[in-house]
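Analysis of the macromolecular model
Listed below are the residues making up each chain.
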Amino acid sequence: MLTAIGDMLNWAATGLLLPLLMLPLAAFIRNKRVAALFFLAAIAIVFGGASLFAILAADLRPPILSIGLIATCLAGVLGGAALIGANGAEALTRKIAPPIESIVRRVGRASLYLIIAMALAQFAAVILRYVFGLNFIAVQESITYLHGAVFLLAGGYALLTDDHVRVDIFYRDAPPRRKAMVDLAGTYLLMVPFCLVTLWAAGPYVANSWAVREGSMEQSGIKGVYLLKTLIPIYATLLLLAGFALATRAVETLRTRSA
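Quantities reported herein were computed from a predicted structural model and do not represent experimental measurements.

With that settled, consider the pattern of salt bridges. Tallied over the entire structure, the rule returns 4 salt bridges. Between E252 and R94 there is a salt bridge, with its nearest N and O atoms 4.0 Å apart. Placement of E252 in helix α8 (residues 225–258) and of R94 in helix α4 (residues 89–110) is noted, with a sequence separation of 158 residues between them. R94 gets classed as partly exposed once you look at its relative accessible area, which sits at 49%. Among the salt bridges present, the one from R105 reaches E101, with a minimum N-O distance of 3.1 Å.

Quick look at the structure:
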C-alpha cells in the first residue's frame with residue numbers, strides 16, 4: 001500500500017507536474033502545432049537531464065518504469081499536447097496560472113500562523129525551563145516541527161513574491177527583460193530538475209517513514225516524524241507550482257518587450 005503511494009507520487013511528478021511546467025515555454029510559439037511539438041521536446045530534454053543527474057548522483061535514481069508510470073506520463077504529455085494544439089499554449093497558460101498562483105499564495109499565508117505558534121512554543125519552553133525548572137521534550141521538538149513546516153510550506157510563496165535570498169548581485173538593477181530571462185533560465189535549468197529529483201527521492205523515503213510510523217527517538221517526544229517528512233514532497237510540489245507562475249510572468253514580459 002505504502003509502496004504504491006510512493007509510486008503514485010513519482011507518477012504525478014513525472015506525468016502531471018512536468019508537462020504542466022512546460023506550458024509557459026510552449027507559449028513562446030504562436031503556431032499551435034509547432035508549440036505542441038516543442039512542448040514534447042522540452043519535456044524529453046528536462047526529464048532526460050533530471051534522470052541523468054539522478055543516475056550519476058549517489059543514492060538517487062529516476063523512477064522505475066512501470067505500467068502506471070508510463071500510462072500517467074502518456075496521459076499528461078499527450079493530453080497537454082492535444083490541449084495546446086486545440087487552444088494554444090498561451091491561452092492555456094493564462095487560464096491555469098491564476099488559480100495555481102492563488103493556491104501557492106494561500107498556503108504561504110497560512111504558514112504565517114505557524115510562525116506565531118513557533119514563537120509561543122519557544123516562549124513557553126524558556127519560561128518552563130528557567131522559571132519553573134521544567135523541561136518537556138515534546139515542547140522542544142514542537143519548535144523544530146513548526147520551523148520545518150514553515151520553511152517547507154512557505155518556500156513556494158517566497159519564490160513567488162521574490163522574498164528569497166538571491167546571490168545574483170546584478171539582478172536587482174537589471175531591466176525587466178533581463179530579469180525575465182534570468183527567472184526563466186533559473187526555473188528550467190535549476191529548479192525544475194531539482195524538484196523532480198526531490199520528488200523521485202521523496203517517494204520511497206516518505207513511504208518507509210509511514211510504514212514504521214517513524215517518531216521521536218526520545219520516549220516523551222513527538223511521535224510524528226513521518227508527518228513532518230510528508231511535507232517534503234508538498235514543498236517540492238509548491239515550489240514547482242510557484243515556478244510555473246514565475247515562468248508565465250517571465251514569458252509574458254519577454255513577449256511584451258519583443259512585440
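The subject of this paragraph is the nonpolar core. Counting 55 residues, the largest nonpolar core has M22, F39, I84, L184, V192 and L240 as the members making the most contacts within it. For this core, the elements supplying multiple residues, two or more each, are α1 (2–26), α2 (32–56), α3 (67–87), α4, α6 (137–160), α7 (176–211) and α8. Excluding its chain neighbours within four sequence positions, the residues that come into contact with V192 are L18, L21, V46, T187 and L240.

This brings us to α4. Along its 22 residues, α4 runs 32 Å from first to last C-alpha, staying within 8% of the 32 Å computed at 1.5 Å per residue. Of all bends in α4, the biggest is about 30 degrees, found at A97, and the proline P98 comes one to four residues later. The set of residues buried in α4 consists of A89, L92, T93, A97, I100, E101, V104 and G108.

Where α2 meets α7, the closest approach of the two axes is 9 Å, and the angle between their N-to-C directions is 55 degrees. Considered as vectors, α2 and α7 are oriented oblique to each other. Note that α2 runs across α7; the crossing there is right-handed. Only V192, P193, L196, V197 and W200 of α7 make contact with α2, whose side of the interface consists of V46, F47, A50, S51, F53 and A54.

Moving on: helix α5 (residues 112–130). The end-to-end C-alpha distance of α5 is 28 Å, a good match for the 27 Å that 19 residues give at a rise of 1.5 Å each. What α5 keeps buried is the set M118, A121 and A125. With its buried residues spanning 65 degrees around the axis, α5 presents them on a single face. Exposed side of α5, more than 90 degrees from the buried face: Y113, I116, L120, F123 and Y130 are the residues found there. Looking at the buried residues of α5, the elements they touch are α6.

Once that is clear, we can look at the environment of F151. Looking at the secondary structure, you find F151 in helix α6. The exposed category is assigned to F151, whose relative accessible area is 52%. Along the primary structure F151 and L231 are separated by 80 residues, whereas in three dimensions their C-alpha atoms are 9.8 Å apart.

Its identity as a non-glycine residue notwithstanding, R213 has a phi of 50 degrees, on the positive side. As for its placement among the helices and strands, R213 is situated in the loop between α7 and α8. Looking at R213, the relative accessible area reads 48%, which means it is partly exposed.

Calculation criteria
Residues numbered from 1 in each chain as written. Predicted model: local features only at pLDDT ≥ 70, side-chain atom pairs only at ≥ 80, totals over all residues. Heavy atoms only, no water. Salt bridge = Lys/Arg side-chain N within 4 Å of Asp/Glu carboxyl O. Helix = DSSP H or I, 4+ residues; strand = E, 2+ residues; numbered from the N terminus. Buried < 20%, exposed > 50% of the residue type's maximum accessible area, 1.4 Å probe, protein only. Core = buried A, V, L, I, M, F, W, Y, C linked by side-chain atoms within 4.5 Å. Contact = heavy atoms within 4.5 Å. Expected span 1.5 Å × (residues − 1). Bend = angle between axes of the 7 residues up to and from the residue. Axes fitted to C-alpha atoms, helices over the stretch in contact; angles between N-to-C directions. Parallel < 35°, antiparallel > 145°, perpendicular 65-115°, else oblique. Left-handed = near helix turned anticlockwise from the far one by under 90°. Arc of directions from axis to C-beta.

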